[in-house]
Amino acid sequence: MATLRNLPALVRKQFISAQENGDLTFYATRVSILHCSGLPFQLRFSPALANKPKSNKPKSPSSKPFDPFENPPAGLLITSLPPSHFLVLNKFPVIPDHFILATKEFKQQTDLLEKDDLEAAYACLKAYKDNGEELFGFFNSGEHSGASQPHRHIQFLPIESMRSGIEQGVKWEVLVDSLVKEPRPMLPFSYFSAQVPENASAEELYQIYIGLHARACQLVKNSSATSPITEASSQESSTSYNLGFTDRAIVLCPRASEGLKIEDNSGNFIGPIALNGTVIGGTLLVKSEEEWDVLRNDESKLTDVLQAIGLSPTSEQGGRL
């Protein structure tokens, strides 16, 4: 995969060009650091994000939803990744250099990832590592995961870009790496995590992923009716989940809901605060100043939201293989 050798520089160059040419819209954010279970979480707020266009709504009841990965604009395309994937910029980023790995052929986001998906994803992670940089990847699958597109795609955020806007001296590290350390940290939701061997093969990556997914599905199955599980084909996941990873760690979080409405100081409910796989990276985004203020002024609300999105932590926490 020679095209990935200079991937960080390639992404940066394309991002700058796309922004200058109006091919993407970057939403600047304010950022504050909150804590849950002693771990730092970014809270980001973009005043302009509420006006973001809804891009995948069908124009008429008879037309199919717009697929941004079917024929991506040349201004957003980073590179082809033969034989089955390509890299493209996120059209509406809040973090600089946010890019996406998508399948060339349409494949369902709710189906289990395949070996070549993971191989391509880790090629991206390795390309950043080989250039002295770090990358966080995440995958949203299922109706409660925060997924917005049915065409299979994995998203990436350079970790240095994720630190943008954080005041000097304020500590924040990408969460996924902390979730493989011993003892495994306890969070308000269950997660399953594993260390990734150096230079792991596609088969090793796939077996780690399938193992974590199987344990998550078993936990969902054993939980109460509040934890959704569906009849699924052999290719489709029976539960909603988020996957997060770096070149060192992989974490899978089964989801029970997309978010939670929270109560402000006047007793009014606002939100819901909806989260996707960036939560495994230790970051969340809100779309109104009310939500921003309530969460910053009362960190217990963050715990409430994190508790609502997943399953209660159990002795299975960490799910090592």
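Rules and cut-offs
- Residues numbered from 1 in each chain as written.
- Predicted model: local features only at pLDDT ≥ 70, side-chain atom pairs only at ≥ 80, totals over all residues.
- Heavy atoms only, no water.
- Helix = DSSP H or I, 4+ residues; strand = E, 2+ residues; numbered from the N terminus.
- Buried < 20%, exposed > 50% of the residue type's maximum accessible area, 1.4 Å probe, protein only.
- Contact = heavy atoms within 4.5 Å.
- Areas by Shrake-Rupley, 256 points an atom, 1.4 Å probe, with all protein chains shown as cover.
- Axes fitted to C-alpha atoms, helices over the stretch in contact; angles between N-to-C directions.
- Parallel < 35°, antiparallel > 145°, perpendicular 65-115°, else oblique.
- Nonpolar A, V, L, I, M, F, W, Y, C, P; charged D, E, K, R; others polar.
- Salt bridge = Lys/Arg side-chain N within 4 Å of Asp/Glu carboxyl O.
- Core = buried A, V, L, I, M, F, W, Y, C linked by side-chain atoms within 4.5 Å.
- Pairing = 2+ DSSP bridges.

(A) Here's a closer look at the overall build of the protein. Scanning the protein from N- to C-terminus turns up seven helices and 13 strands. Burial analysis of the protein (321 residues in total) assigns 52% to the buried set. Across the protein, every contact between residues at least 6 apart in sequence was considered, and the portion connecting residues at least 24 apart equals 70%. With an accessible surface of roughly 14900 Å², the protein has 49% of that area assigned to carbon and sulfur atoms.

(B) Up close: the packing of helix α1 (residues 7-20) against helix α2 (residues 115-130). Where α1 contacts α2, the axes come no closer than 8 Å and their chain directions differ by 95°. Comparing the axis directions of α1 and α2 gives the class roughly perpendicular. Across from Leu7, Pro8 and Val11 in α1, the residues of α2 making contact are Cys124, Ala127 and Tyr128. Along the lines of polarity and charge, the residues of the contact of α1 with α2 split into six nonpolar, no polar and no charged.

(C) Up close: helix α6 (residues 289-297). Turning to α6, its buried residues are Glu291, Trp292, Val294 and Leu295. On the buried face of α6, the contacting elements are β1 (30-36), β2 (39-45), β11 (259-263), β12 (269-274), β13 (283-286) and α7 (300-309).

(D) Highlighting the pattern of salt bridges. For the coordinates displayed, the defined rule picks out 15 salt bridges. Between Glu160 and Arg163 there is a salt bridge whose closest N-O contact spans 3.4 Å. The exposure class of Glu160 is exposed, given its relative accessible area of 58%. Residue class for Arg163 comes out partly exposed when judged on its relative accessible area of 24%.

(E) The nonpolar core, seen in detail. Judged by nonpolar contacts, the single largest core of 50 residues is most densely connected at Leu7, Phe99, Phe156 and Ile250. Examining the composition of this core, we find that nine residues originate from one element, α2, more than from any other. Core analysis: the next-biggest nonpolar cluster, separate from the first, contains 46 residues, Leu34, Phe45, Val180 and Ile262 among them.

(F) Examining the sheet that holds strand β5 (residues 99-103) more closely. Read from one edge of the open sheet, eight strands run β3-β4-β5-β7-β6-β9-β10-β8, paired in antiparallel fashion. Sheet topology places β3 (77-81) and β8 (192-195) at the edges, where each strand pairs with a single neighbour. When strand polarity is set aside, the average angle formed by the axes of neighbouring strands in this sheet is 20°. Taken together, the four bridges between strand β6 (residues 135-141) and strand β7 (residues 153-158) define a ladder with antiparallel strand orientation. Looking at β7, one finds that Phe136 is bridged to Leu157. Strand contacts of α1: β3, β4 (85-89) and β5, with the helix running at about 140° to β3, the strand carrying the most contacts. Lying over the sheet, helix α5 (residues 202-222) contacts β8, β9 (241-245) and β10 (249-254), oriented at roughly 25° with respect to β10.

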